[in-house]
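# Observations on the three-dimensional arrangement
Single-letter residue listing:
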Amino acid sequence: MEFIAKQIADLIGGRIEGDENAVVNSFAKIEEGHEGAISFLSNPKYTHYVYDTQSSVVLIGNDVVLERPVKATLIRVANAYESVAKLLQMYQSMQPKPTGISSMAFIDSSATISENCYVGAFAYIGKNVSIGKGSIVYPHAVIMDGTVIGDECTIYPNVSIYHHCKIGNRVTLHSGAVIGADGFGFAPTAEGYSKIPQIGNVVIDDDVEIGANTCVDRSTMGSTRVGKGVKLDNLVQVAHNCEVGANTVMSAQAGMAGSTKIGEWCMAGGQAGFSGHIKVADKSFIGAQCGVIGNTKSGEQLIGSPAMDAKEYFRAFAVYRRLPDIYKQIGQMQKEIEKLKSGE
């Protein structure tokens, strides 16, 4: 499938500098460009590649000032990263999707599979499951009794969705994700730990994407909820009775303890951890490896463990780096004080 630069510019509202008839038939990173490829420049660290890239077309920001001519045709846009994302989405939407139901899948007779769905070999669909229009269930996925899945969802291989969970429309679950496993609930007794039954479920709203091997546990009672537009990276843990607000994103290995409530439009870096029963306000920014042990304020930027305001953290860290010198100075002062006390 081929396009010319002018067609691409029209699609994304860009302005061409160079040959508007330059032909594009693939994507490539700017440092690995080749003839017929389209690349993009959004990170200033990669600017030097634009002068020598072999890509035919490069998406570039309106505000980027180049120091010398380039070989490639440029398409100037307000945001190169957003523009290439739009093009990639369009490209993916043009790819053929699997269709049909494999004879080697197990589908209970009480399940409802809507039109234009795909169910791969060795997938398991339990009693009273409902799957919406155009959804894709890849091989070896397990969807247990009473679960409801919306339209145009993608369930990748080896995903496990436990009983009575509710999945919205256009949800993507990557391989190994587990939705609705028991929350970590045990009551200490004289004999050991007594399991607390987890009788709730998981509710995932529309347009959510959940990464590989991420776990969202079912609630003790009620629902563990993942809001509209949430994006969870690989290896994220969402514990029982948690809530993740709309359009929040969490990087790999982040973890939430039970009954944590994270607001809308929050960002959590890799390995960030959240104590149980706290509220993280809307638009909070949580840095990588941050340990959040209390409620936050809207728009707050936190780093460190335990978490603290980013500006305070950096001021404290500046002192921390000087501790060896400060320790030496204190030692010298102690010696001088001892001399003064002894009358020397």
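Below or above, wherever it landed, is the structure these notes cover. (Residues numbered from 1 in each chain as written. Predicted model: local features only at pLDDT ≥ 70, side-chain atom pairs only at ≥ 80, totals over all residues. Heavy atoms only, no water.)

## So, the packing of aromatic side chains
Here a ring pair, both rings aromatic, is described through the centre-centre distance and the interplanar angle of the planes. Considering all chains together, one arrives at 10 aromatic pairs under this definition. Relative to Phe-317, the ring of Tyr-313 lies with its centre 6.1 Å away and its plane at 10°, an arrangement referred to as stacked. Note that Tyr-313 and Phe-317 are positioned in helix α3 (residues 310–321) at a spacing of 4 residues, about one turn of the helix. The exposure class of Phe-317 is partly exposed, given its relative accessible area of 33%. Through a chain of ring-to-ring contacts, three or more aromatic side chains come together here, namely Tyr-313, Phe-314, Phe-317 and Tyr-320. If you follow Arg-68 out to its NZ or CZ, it ends over the ring of Tyr-51, 4.2 Å from the centre. (Phe/Tyr/Trp six-rings, centres within 6.5 Å; stacked < 30°, edge-to-face > 60°. Helix = DSSP H or I, 4+ residues; strand = E, 2+ residues; numbered from the N terminus. Buried < 20%, exposed > 50% of the residue type's maximum accessible area, 1.4 Å probe, protein only. Lys NZ or Arg CZ within 6 Å of the ring centre and 35° of its normal.)

## Let's talk about the pairing of strand β27 (residues 223–226)
Of the two faces of β27, only the one carrying Thr-224 and Val-226 is buried; Ser-223 and Arg-225 on the other face are not. Across 2 bridges, the pairing between β27 and strand β30 (residues 243–244) is parallel. Its bridge partner lying in β30, Val-226 is registered against Val-244. (Pairing = 2+ DSSP bridges.)

## Focus: a nonpolar patch on the surface
Where nonpolar side chains cluster on the molecular surface, the patch consists of Phe-317, Val-319, Tyr-320 and Leu-323 and spans about 370 Å² of accessible area. Among the elements that take part in the nonpolar patch, α3 stands out by supplying 3 residues, more than any other. Relative to the assigned elements, Tyr-320 resides in helix α3. Assessed through its relative accessible area of 53%, Tyr-320 is described here as exposed. (Patch = residues over 30% accessible without salt bridge, like charges linked within 9 Å, V, L, I, M, F, W, Y side chains within 5 Å. Areas by Shrake-Rupley, 256 points an atom, 1.4 Å probe, with all protein chains shown as cover. Salt bridge = Lys/Arg side-chain N within 4 Å of Asp/Glu carboxyl O.)

Functional significance is not addressed by these values, which are geometric in nature.
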